[in-house]
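What follows is each chain in one-letter form.
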Amino acid sequence: MIWNEKYETMKSADMKKHQSDKLVNLVNKVYDKVPFYREKMDTLGIKPSDIKSISDIVKLPFTSKDDMREVYPYGLLACDKKDIVEIHTSSGTTGKPVVDAYTSNDVEIWSEVMARTFAMGGANEDDVVQIAYGYGLFTGGLGAHYGAKKLGAMVIPISAGNSKRQLSIMRDFGTTILACTPSYSLYIAEIAAEEKIEIKGLKAGFFGAEPWSESMRKEIEEKLKIKAYDIYGLTEIIGPGVASECECQDMLHINEDHFYPEIINPETGKVLPDGEKGELVFTTLTKEGTPIIRYRTRDITYLDRSPCKCGRTTVRMHRLLGRTDDMLIIRGVNVFPSQIEEVLLKLENIEPHYQLLVSRKDKMDFIEVQIEMNEKLFSDEMKNLSQTEKMIEQELYKTLNIHTKVKLVEPKSIPRSEGKAKRIIDQRQI
Ligand code: DLL
């Protein structure tokens, strides 16, 4: 089912007109109401009247995470504080958090784009949606909550954690849809196997908030016997609901009537043509509380405007290929953790639980890839572990072109996560 036929199947020329109208309004509004944007535009010598259509967006300045932190907490408000009905923030583990402030209309938009997300994966009002993303300042829990409610489904707002309870609630209430991070869905599957609980009746899962590979999707689909959909979003823009996969499960449709995407070269800031990989940039066309102009996400992907079999016409993005700040440079070679995951999860007798330990010795960088064996490999004393480790090192070399050290570790020895998984331990700064 297409939730919003009008916008999700809009002709390209009509979408451009819609985006142009919204952009002109937005620029006038922020110039008037947000000193931060007015100063940035004045520095570049740009007036709101210079922006006449969506193609003029390239004249506008970028906004970075640091910009947002500098004006914490209320510096980006484009409306009266009394009109804000809810706030969310990023975790703030690497500095001051960034703030997303929503008017009631913004919450309505958020519900709408998340309802589209669930509908894209075949969910409807008959479904029972278990939301195991964290509730609170993190946008995952409440974003999914608003969308599932708007869809008319029954919501189980269980939040993240307490995995045994997740399973009993799932069984007792007949959950059909699971929403959580991909790593947490595997943890739930693992607890089910341990407790010998058969997961029945789930049909789909909506997973995002952290990187995951195609191999991880296969693993989740097999273990939970569901269809697993990739959903993407970020606090600065609205939370989840920015882009998501349809039944084709190959690319993510961007809700471009609300969030205008561009791909830029991260070094030069120049806009790249469709199909070329670069940094994803978003402008919120309709947000009232904290609208953002040309936000540099640091996420790497490319755009595709070819028609999708599902009938939607919205521009699509490839699932994330990495982040500009997640990229490890090891002895001059760029390495993305997702490339490592893709290789590991295709191998037999290992679990989808791994960690990358990055260290520096004598001015040389090294990666140690720690990955769990499954019970079979662990108990099979005839196998020579170091041979298996060498084999995995060779497989990784074929993809990465650098040597890594692989260490097979005992089953269940790598920490599990209920929210975003922490895959990289970088000891180079210590
Ligand atoms: O993670 C919002 C969200 C919640 C998305 C639930 C999907 C589901 P933040 O905490 O601000 O917001 O983190 C945003 O997470 O810039 C990406 O680097 C990463 N990310 C989000 N979705 C995906 C995904 C939420 N599907 C940052 N695949 C983003 C890979 C993702 N990375």
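As shown above, the structure is provided for reference.
The sections below set out a description of the structure shown in this document. Please read all numbers here as calculations on a predicted model, not as lab measurements. (Residues numbered from 1 in each chain as written. Predicted model: local features only at pLDDT ≥ 70, side-chain atom pairs only at ≥ 80, totals over all residues. Heavy atoms only, no water.)

Let's talk about helix α3 (residues 35–44)
Rules: To sort residues, take the accessible area from a 1.4 Å probe on protein chains only and compare it with the maximum for the residue type: under 20% means buried, over 50% means exposed, and anything in between is partly exposed. Strands here mean DSSP runs of E at least two residues long; helices mean DSSP runs of H or I at least four residues long; both are numbered from the N terminus. Directions from the helix axis toward the C-beta atoms define the arc. The contact criterion used throughout is that any non-hydrogen atoms of two residues lie within 4.5 Å.
Residues Phe-36, Tyr-37 and Met-41 constitute the buried set of α3. Each buried residue of α3 sits inside an arc of 125° when the element is viewed along its axis, so together they form one side. Set apart from the buried face of α3 by more than 90 degrees, the exposed residues are Glu-39 and Thr-43. Contact partners of the buried residues in α3: α2 (12–33) and α4 (65–70).

Re the pairing of strand β8 (residues 239–245)
Definition in use: One requirement defines pairing of two strands: DSSP has to find at least two bridges between them.
Burial within β8 is extensive, with seven of its seven residues counted as buried. Once strand β7 (residues 227–234) ends, the chain turns through four residues before running back antiparallel as β8. As paired elements, β8 and strand β9 (residues 251–254) share three bridges and run antiparallel to each other. Looking at β9, one finds that Glu-245 is bridged to Leu-252. Hairpin connection of β8 to β9: five residues between the antiparallel strands, including Gln-249 at a positive phi of 55°.

Focus on the side chain of Arg-116
With respect to the helices, strands and loops of the structure, Arg-116 is situated in helix α5 (residues 104–120). Those residues in contact with Arg-116 that sit more than four places away from it in its chain are Trp-3, Asn-4, Tyr-7, Glu-8, Asn-255, Asp-257 and His-258.

What to know about unusual backbone geometry
Cis geometry marks the peptide bond from Tyr-72 to Pro-73; its omega dihedral reads 0°. Structurally, Pro-73 is set in the loop between α4 and β1 (84–89). Of note, Ala-209 is a non-glycine position whose phi angle comes to about 85°, a positive value. Counting through the fold element by element, Ala-209 comes out in the loop between β6 (204–208) and α9 (214–224).

Examining the state of the cysteines
Quick note on the threshold: The rule for a disulfide is simple: a pair of cysteine sulfur atoms within 2.5 Å.
Applying the stated criterion across every chain yields a total of zero disulfides. Here Cys-248 is not cross-linked by a disulfide; its sulfur's nearest cysteine counterpart is in Cys-246, at 3.8 Å.

Considerations on the site of the ligand
The cut-off we apply is this: Working definition: residue near molecule or strand if any one of its non-hydrogen atoms lies within 4 Å of it. Polar contact criterion, stated in full: a pair of N or O atoms within 3.5 Å, where within protein one must be able to donate a hydrogen and the other to accept it, and residues adjacent in sequence count only if both atoms are side-chain atoms. Here the Shrake-Rupley method, with its probe set to 1.4 Å, supplies the accessible areas, and only the displayed protein chains count as covering residues.
Residues in contact with the ligand amount to 19 residues; listed here are only the nearest, Asp-230, Ile-231, Thr-235, Asp-299 and Lys-420. Taking Ala-209, its main chain carries an N or O atom lying 3.0 Å from a nitrogen atom of the ligand. At a separation of 2.7 Å, a nitrogen atom of the ligand approaches a polar side-chain atom of Asp-230. Within the complex, the protein chains bury 91% of what would otherwise be the 600 Å² of accessible surface of the ligand.

Side note on the environment of Tyr-229
Relative to the assigned elements, Tyr-229 resides in strand β7. By relative accessible area, which is 5% here, Tyr-229 ends up buried. Along the primary structure Tyr-229 and Cys-310 are separated by 81 residues, whereas in three dimensions their C-alpha atoms are 14 Å apart. Leaving out residues up to four positions away in the same chain, Tyr-229 has contacts with Gly-121, Ala-204, Gly-205, Phe-206, Phe-207, Trp-212, Arg-217, Glu-245, Cys-246, Glu-247 and Gln-249.

Things to note about helix α10 (residues 337–344)
Since there are 3.6 residues in each turn of an α-helix, residues three or four apart along the chain are aligned in direction. When α10 is considered as a whole, its buried residues turn out to be Pro-337, Ile-340, Glu-341, Val-343 and Leu-344. Down the axis, α10 shows its buried residues gathered within 165° of arc, on one side only. Where α10 is buried, its residues meet α9, β17 (333–335), β18 (350–361), β19 (364–373), α12 (385–400) and β21 (424–426).

Functional significance is not addressed by these values, which are geometric in nature.
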